[in-house]
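The primary structure of each chain is shown beneath.
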Amino acid sequence: MSHPSTIIFITYKLGCRKKGNKLKANKSSGPDEVSLKLLKLAGKAIVPALTDIFNYSINCRTVFSSWQTAHLTPIFKKDDQTDCGNYRPVPLLSVPSKILEAVVNDRLVHHVFRDNQFITERQWAYRRGYSTELFLVHPTEIWRRAVDSGRVVAVAFVDLRKAFDSVSHEILVKKLEYRFGVSGPLLDWIKDYLSGRMQFTVLNGVKSDILPVTTGIPQGSVLGPTLFTLFTNDLPAAISEGNLYMYADDTSIYCIGENADVAVAALNNALLEVQRWCIENRLTPHRTKSEAMVVHRK
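What comes next concerns the included structure. Bear in mind the structure is a predicted one, so any value in this text is a computation, not a measurement.

1. Notes on a positive patch on the surface
A surface patch of like charges, here positive, comprises K77, K78, R88, R161, K162 and K289. Relative to the elements of secondary structure, R161 occurs in the loop between β3 (152-159) and α6 (163-166).

Set out below in structure tokens:
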């Protein structure tokens, strides 16, 4: 098993400018007020300084406090405007931090997805060659064939409540170390990246107090989706009967039986196993956003 921490340092001078160029120039700056437009205008002149800063961060195994602070803007979704749950918090994060995250993320993805193929084939989000269209076509074709052969399909669509915000740092770090072989400076850097995070909200020009964030993966970050994928990588293996597929935190489970009673019983057992996994990993299924159905011939 190769460890990404042993070769991560050689990528910065080759990659930090490319990663910065890939970010959209119209993106808003974070709390540190360093804009991507400014970095792009600086061009090659800023690359050596950024490289030194990034290497310092990794070598010292620490993330600067200004890179750990998120500026949240609440965006209304629907229904009652007086209900805080109907707003989506859109975070603004440090642009230099995102560039470093992109470099770290590339190394982590290369280690997990390509060098060792640790990732489950049942996770379809954040992966090259996998799309929402294929995610829909793959199981529905299996269901069609089952129904055409006279069998019954029981399906559940499970949504995890505030999944990104509820990820346990302690459990995530253990999984990175013991299941994916992440160690050394890279693991220590990720630990510091997750800990000590702060956030504040600005509404109608009024800024709230800055408060600590003790759980969760930073939304809007470059590294966040990969960390969430690794955190939930063992969920499909948690069920002993049926099939489980994921697209980020949206989970689909289906069981096929000779009749409705058999299929539904198998699905209920699978849902109990998913519930046990959620308890062990400190996540909560969202009951009002989860659905179930039975597919069969008339």
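Picking up after the structure, the text goes on.
2. With respect to the environment of C255
Tracing the chain through its elements places C255 in strand β8 (residues 250-257). Measuring from C-alpha to C-alpha, the distance between C255 and K174 comes to 31 Å, with 81 residues separating the pair along the chain. Contacts of C255, omitting those with residues within four sequence positions, involve V152, V153, A154, E241, G242, A263, A266, L267 and A270.

3. So, the packing of helix α4 (residues 95-115) against helix α8 (residues 184-194)
For any two helices packed against each other, the geometry comes down to the angle between their axes and how far apart the axes lie. Contact geometry for α4 and α8: axes closest at 12 Å, N-to-C directions at 135°. With respect to α8, the axis of α4 lies oblique. Crossing angle aside, the handedness with which α4 passes α8 is left-handed. Contacts from L100, E101, V104 and L108 in α4 reach L186, W189 and Y193 in α8. Here the residues of the contact of α4 with α8 are counted per class, giving six nonpolar, no polar and one charged.

4. What to know about the side chain of T229
By the element assignment, T229 lies in helix α9 (residues 224-231). A polar side-chain atom of T229 sits 2.9 Å from the main-chain carbonyl oxygen of P225.

5. Here's the deal with the nonpolar core
Within the largest apolar cluster, 56 residues are counted, with the highest numbers of intra-cluster contacts made by L108, L172, L176, V182, W189, L227 and I253. Ranked by the residues each element gives to this core, the list is headed by α4, at eight residues. Discounting residues that sit within four places of it in the chain, I253 has contacts with A154, V155, A156, V158, I239, N243, L244, L267, A270, L271 and V274. Core analysis: the next-biggest nonpolar cluster, separate from the first, contains nine residues, F135, A146, V147 and V155 among them.

Rules behind the numbers
Along each chain, numbering runs from 1 in the same order as the chain's sequence is written. Only residues with pLDDT of at least 70 get local features here, since the model is predicted, and only at 80 or more are side-chain atom pairs given and counted; chain-wide, interface and lining totals rely on the full set of residues. As a rule here, side-chain values cover all heavy atoms of the structure and leave hydrogens and water aside. Like-charged residues are merged into a patch within 9 Å and nonpolar side chains (Val, Leu, Ile, Met, Phe, Trp, Tyr) within 5 Å, provided each residue has over 30% relative accessible area and no salt bridge. Computed with the Shrake-Rupley method and a 1.4 Å probe, the accessible areas treat only the protein chains shown as cover for residues. Any carboxyl oxygen of Asp or Glu that lies within 4 Å of a side-chain nitrogen of Lys or Arg is treated as forming a salt bridge with it. Charge counting follows a simple rule: Lys and Arg are positive, Asp and Glu are negative, and His as well as the terminal groups are ignored. Charged groups are reduced to one reference atom each: NZ for lysine, CZ for arginine, CG for aspartic acid, CD for glutamic acid. The helix count covers DSSP runs of H or I at least four residues long, the strand count covers runs of E at least two residues long, and both are numbered beginning at the N terminus. The criterion used for residue contact is that any of the two residues' heavy atoms lie within 4.5 Å. The convention used is that axes are lines fitted to C-alpha atoms, helices contributing only their stretch in contact, and that angles between N-to-C directions extend from 0 to 180 degrees. We call two directions roughly parallel when the angle between them is under 35 degrees, roughly antiparallel when it is over 145, roughly perpendicular when it lies between 65 and 115, and oblique otherwise. Two helices crossing with the near one rotated counterclockwise from the far one by less than a right angle form a left-handed crossing, whereas a clockwise rotation gives a right-handed crossing. Throughout, the ten residues Ala, Val, Leu, Ile, Met, Phe, Trp, Tyr, Cys and Pro are labelled nonpolar, Asp, Glu, Lys and Arg are labelled charged, and all others, Gly among them, are labelled polar. Residues adjacent in sequence count toward polar contacts only when both atoms are side-chain atoms; beyond that, a polar contact is any pair of N or O atoms within 3.5 Å, and within protein one must be able to donate a hydrogen and the other to accept it. Side-chain atoms within 4.5 Å are what join buried Ala, Val, Leu, Ile, Met, Phe, Trp, Tyr and Cys residues into a set we call a nonpolar core. Here the term buried applies to any residue with accessible area under 20% of the maximum for its type, exposed to any over 50%, and partly exposed to those in between, with areas from a 1.4 Å probe on protein chains only.

The values are spatial; any link to function lies outside them.
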